[in-house]
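Coordinates in review
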Amino acid sequence: MSSDDDLPKHGLQGPAPEERPHPEGRRNSQGIRIDPEAEAEHEPRRAVISALVEDDPGVLSRVSGLFSRRQFNIESLTVGPTTVENHSRITMVVEEPDPGIDQIEKQLAKLKPVISVGELDADAVRTELVLLKVEGDDPDKVHAVTEMYDGQTLDAGPRTITVQLTGDEQKIDDAIDAFRQFGIIEIARTGYTALARGDQATVPGEKPGTADEPTQPTNAQ
Amino acid sequence: MSKQAPPDAEEAGEPETTQSPVTTGSESVIRALENEGVEAAFGVQGGAIMPVYDALYHSDIRHITMAHEQGAAHAADAFSVVRNEPGVCMATSGPGATNLVTGIADANMDSDGLLALTGQVPSDMVGSDAFQETDTTGVTAPITKHNYFASDADTVGDTVGEALALADEGRPGPTLVDLPKDVTLGETDAEPGPAAPPETTRPQYVADEDDVQTAADAIEAAERPLLLFGGGVIKADATDEARAFARDYEIPVVTTMPGIGSFPEDDDLCLSWAGMHGTGYANMAITHTDLLIAVGTRFDDRLTGGIDTFAPEAEVIHIDIDPAEISKNVYADYPLIGDAGIVIDQLDDAIDTAPEADEWREQVQTWKDEYPMDYATPDDEPLKPQFVVEVLDEATSDEAIVTTGVGQHQMWAAQYWTYSEPRTWVSSHGLGTMGYGLPAAIGARIAADDDQEVVCVDGDGSFLMTIQELSVAVREELDITVAVLNNEYIGMVRQWQDAFFEGRRMAAEYNWCPEFDKLAEAFGARGFRVDDYDEVADTVEEALEYDGPSVIDFHIDPAENVYPMVPSGGANGQFALTDDQL
């Protein structure tokens, strides 16, 4: 046993915080080293993300749970089967800065049932379906506006008319504005579903088009 | 030394011909574990898991019955840290499964391989709010790499094999298989096949060559390069490559807390660990480096402090096997996705000349002299905890394993013990789970070599949270030494209350604390109490020599605080060294 004399008698040493050398640099809230004078933060933008998934039980809750626990801002989500048995496609519209969109793709790719995931190009084929129930006081005018937006009337009763419209978000927004004059009672929008244009695969590694050929899984990137 | 008779592990994928054929789902579950060489499982019995335990009856797998399921998960977690292979824990449905949750979440945060097997009510009763029913896969989905609901006795063995393989693959983590009683009781003759992880999760092991070359050029050009080794270096079994790299190019090394042991702390190049309570010199180096070469770390906020002031001068090379960690918290100028050992070798091949950093190394040395890790021992103050940690370190070998709870004692154990080997520091980092230390010591004891000492440095608050596991250590005759740094406080909370809440010690002060030496004796362990400096060394020696569990209740200075300290969200270089600098 050492005697008390052997024990260190001093406390922690060194200059006080303000006396230490400090560098001038800085990072922004996304961890990127910046010039403080320059623009520092990424602005959020909308992105359409497509994921090819195994049709496991609970796959939708795994995907939606990921969005909520990581606080990713999701606008819409659609899901449906593909031509390949046991594979589904999930299409999501998200609004995040670029680093957030990158994180969404990477975190989705880590989920075991996710075969492949990618952001769609701006020229991708994308469409949304909306059902609109409006007051039926003026059926002729409702019909005219429906025609104008290439819609269909699905139900016409004595008091209400329900129409279906499809198209991109801007068109749907415009149509809804146009229908406001009749009094919109209820509305149901699906959110975007989308495919890559032409020969491109919708998600990386996907072999599109053939029902009897299994989709090639890709390594999670 | 404890009785440790782990059965000879079979070669993976080659069941012994003497094994009797599988007849039930449960037997298939156990066979899958045996095929993968699982030696030990930690768990607690209960209604829905009974068929699996029944199948374990004839198995050579050693089962350690824990006092509480949380202890089972932590023990399996520590087993995985020490062995670098997944630990296995078991629990019944309902409360058994929910009691595992803390341990699973802990493993998830620290990327520890863990397989949890949980019983479940029979499939046809699922969803009916049956007795001891819980939506276990729902509850654990956010804290597992993946979890499985077994639906068929014929495939349950394969599912367990896949879950075990997935827990170990790439970045390790916890997986869980929920086992409904009808599946485990169900008849089957299906032997599980070779275990393989799912095809959709395959990691990338080798980094892109062009990216490696760009990063290598940056290293050659760096004037103030700094290596940051995270837990991933140890998980990837890359300590040899990492050490050789640092020494060949003479680049100073900082570790994260989970990275403790990846580089010997007594090496001149090592600056120990950085972050909230890391060394002043490590935090100064991070503040002034111009190239941070980070390996296997996720840039936790306890490491970085405020992101906007983290390594503000540095470009960042980030090597990680999980692409999602790249630029998640700190933007990576040079992302290198791959296995730590492989990518370090790739970098080594791509570098022609070492960076010229003599001045930088001198500067780093100056900081080491300016901010030494020291503490005062005035005559008029009670025993200092740092001293206890140093004596324990002195009295044990370099291979000794240290487990801890969470709080001040954990920081002292990390600061004042000098670590030189990987997998000797076993702690709860990301989740910060008080109570981790004792069950972790049990798991570490089962995993460790006979000649490795296992010391749990605990706090009084942490110890009380899982103290029931002492009964397991006694029953299983496990040679562990628990050193309780007892200040009769939730000490870290008390420190924060004094610093940031004007000293209002709400719910952090114990006005009564059990006498841990007597409590240890009541459990059947050896109990000691130490109040003075001159009793420390002898008592430590006696406790270490005792061939079984022992507890030393060190009554330490209740006023002692942990320094250095970077206030939450602060800049690494602005650490406080004393109360009045906060």
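Residues numbered from 1 in each chain as written. Chains lettered and ligands numbered in written order. Predicted model: local features only at pLDDT ≥ 70, side-chain atom pairs only at ≥ 80, totals over all residues.

On to the domain arrangement of chain B, then. Residue and element names in this part refer to chain B. For chain B, the domain assignment lists domain 1 (25-201), domain 2 (209-370) and domain 3 (385-563). With 25 residues of domain 1 at the contact, the number on the domain 3 side is 24 residues. Elements supplying a minimum of two residues to the side of domain 1 that touches domain 3: β1 (40-43), β2 (62-65), α3 (69-83) and α4 (95-109). Here the side of domain 1 that touches domain 3 is composed, by residue class, of 13 nonpolar, eight polar and four charged. (Domains from an automatic or database assignment. Contact = placed C-beta atoms within 7 Å. Helix = DSSP H or I, 4+ residues; strand = E, 2+ residues; numbered from the N terminus. Nonpolar A, V, L, I, M, F, W, Y, C, P; charged D, E, K, R; others polar.)

The subject of this paragraph is the interface of chain B and chain A. Taken together, the 49 residues of chain B in the interface contact 42 residues of chain A. When the residues that make up the side of chain B that touches chain A are grouped by side-chain class, the tally is 23 nonpolar, 16 polar and 10 charged.

Here the focus is the domain arrangement of chain A. Residues and elements named next belong to chain A. With domains assigned, chain A is organised as domain 1 (45-119) and domain 2 (125-194). Using only C-alpha atoms to locate each centre, domain 1 and domain 2 end up separated by 28 Å. Looking at the side of domain 1 that touches domain 2, the elements that each hand over two or more residues are β3 (45-54), β4 (74-81) and β5 (87-96). Counting residues per element, the side of domain 1 that touches domain 2 draws most heavily on β4, at four residues. Here the side of domain 1 that touches domain 2 is composed, by residue class, of three nonpolar, four polar and one charged.

With that settled, the discussion passes to the sheet that holds strand β9 (residues 270-273) of chain B. Residues and elements named next belong to chain B. The six strands are arranged β9-β8-β7-β10-β11-β12 in an open sheet whose pairing can be described as parallel. The sheet is open, and its two borders are formed by β9 and β12 (334-337), each paired with just one other strand. Averaged over all pairs of adjacent strands, the angle between their axes in this sheet comes to 15 degrees, without regard to strand direction. Inspection of the sheet shows strand β11 (residues 315-320) paired to β12 by four bridges, in the parallel sense. By the bridge assignment for β12, Ile319 is matched with Leu336. (Pairing = 2+ DSSP bridges. Axes fitted to C-alpha atoms, helices over the stretch in contact; angles between N-to-C directions.)

In this section: unusual backbone geometry. Residues and elements named next belong to chain B. Going from Tyr563 to Pro564, the amide bond is cis rather than trans, its omega being 0 degrees. Take Pro564: it is sitting in the segment after β18 (550-555). Even without being a glycine, Glu250 presents a positive backbone phi close to 50 degrees. Tracing the sequence through the fold places Glu250 in the loop between α10 (239-249) and β8 (253-255). A positive phi is found at Ala311, a non-glycine position, where the angle reads about 35 degrees. Topologically, Ala311 is positioned in the loop between α12 (301-304) and β11.

Residue and element names in this part refer to chain A. The antiparallel open sheet is built from four strands, whose spatial order is β4-β5-β3-β6. Strands with a single pairing partner mark the edges of an open sheet, and in this sheet they are β4 and β6 (114-119). When strand polarity is set aside, the average angle formed by the axes of neighbouring strands in this sheet is 15 degrees. When β3 meets β5, the two strands line up antiparallel, connected through 10 bridges. Bridge pairing in β5 links Glu54 to His87. Against the sheet, helix α1 (residues 59-69) makes contact with β3, β4 and β5, and its axis sits at roughly 165 degrees relative to β4, the strand it touches most. The strands that helix α2 (residues 98-110) touches are β3, β5 and β6; relative to β6, the one it contacts most, it runs at about 165 degrees.

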